[in-house]
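Close look at the chain arrangement
Next come the chains, spelled out residue by residue.
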Amino acid sequence: QLQLVASGGGLVQPGGSLRLSCAASGLTVSSHPLGWFCQAPAQWREFVAAMSWSVGNTYYADSVKGRFIISRDNAKNTVYLQMNSLKPEDTAVYYCAARGGTRTAVGEREYGYWGQGTQVTVSS
């Protein structure tokens, strides 16, 4: 059974850091394009970061470039989102996702496999 389990969210002060994890089962993270998305209250789900399936090229939303890093650990079959210099506007539920095929994507609808989401709150 394919499953993505996200964890690592929490409450952090502005300027702080968090690392989100997404453990995969029934799916090999090195064989699938991966993504992170976020959804703030009353907002659409938005693209945050993506990683290609092969060499691991990375892509980021402009709002997180230079602050967030997507990575994966093939041995642990886990994808991560390192979040640095967090801002109150980063507050959202964060979702990890994977898609079939080989093309990396930034559109929510192009991902068929989703984790359950983990809440990130940035507040003093």
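The present account deals with the structure reproduced in this document. (Residues numbered from 1 in each chain as written. Predicted model: local features only at pLDDT ≥ 70, side-chain atom pairs only at ≥ 80, totals over all residues. Heavy atoms only, no water.)

1. Remarks on the nonpolar core
Counting 36 residues, the largest nonpolar core has W36, V48, F68, I70, L81, M83 and Y94 as its most contacted members. For this core, the secondary-structure elements that each account for two or more residues are β1 (3–7), β3 (18–25), β4 (34–39), β5 (46–51), β7 (68–73), β8 (78–83), β9 (92–98) and β11 (118–122). Among all residues touching V48, those that are not within four sequence positions of it are W36, F37, C38, Y59, Y60, A61, V64, F68, L81 and Y94. (Core = buried A, V, L, I, M, F, W, Y, C linked by side-chain atoms within 4.5 Å. Buried < 20%, exposed > 50% of the residue type's maximum accessible area, 1.4 Å probe, protein only. Helix = DSSP H or I, 4+ residues; strand = E, 2+ residues; numbered from the N terminus. Contact = heavy atoms within 4.5 Å.)

2. A word on empty space enclosed by the protein
Taken as a whole, this structure holds one cavity of 30 Å³ or more when the rule is applied. As for the largest cavity, its lining consists of L4, C22, A24, V29, L34, V79, C96 and A97. Breaking the lining of the largest cavity down by element, the ones donating at least two residues are β3 and β9. Within the lining of the largest cavity, the residues separate by chemical class into eight nonpolar, no polar and no charged. (1 Å grid on protein atoms, 1.4 Å probe; cavity = no way out; pocket = protein on both sides within 12 Å on 5 of 7 lines; lining within 4 Å. Points joined across faces, edges and corners; volume = space filled by probe spheres on them. Nonpolar A, V, L, I, M, F, W, Y, C, P; charged D, E, K, R; others polar.)

3. Remarks on the layout of surface pockets
Empty space within the largest pocket amounts to approximately 210 Å³. Residue lining of the largest pocket: 18 residues in total, with C38, E46, S63, E89 and D90 positioned closest to the centre. Those elements that place two or more of their residues in the lining of the largest pocket are β4, β5 and β9. No other element matches β5, which puts three residues into the lining of the largest pocket. Across the lining of the largest pocket, the residue classes tally to nine nonpolar, four polar and five charged.

Interpretation note: all reported values are geometric properties and have no functional meaning in isolation.
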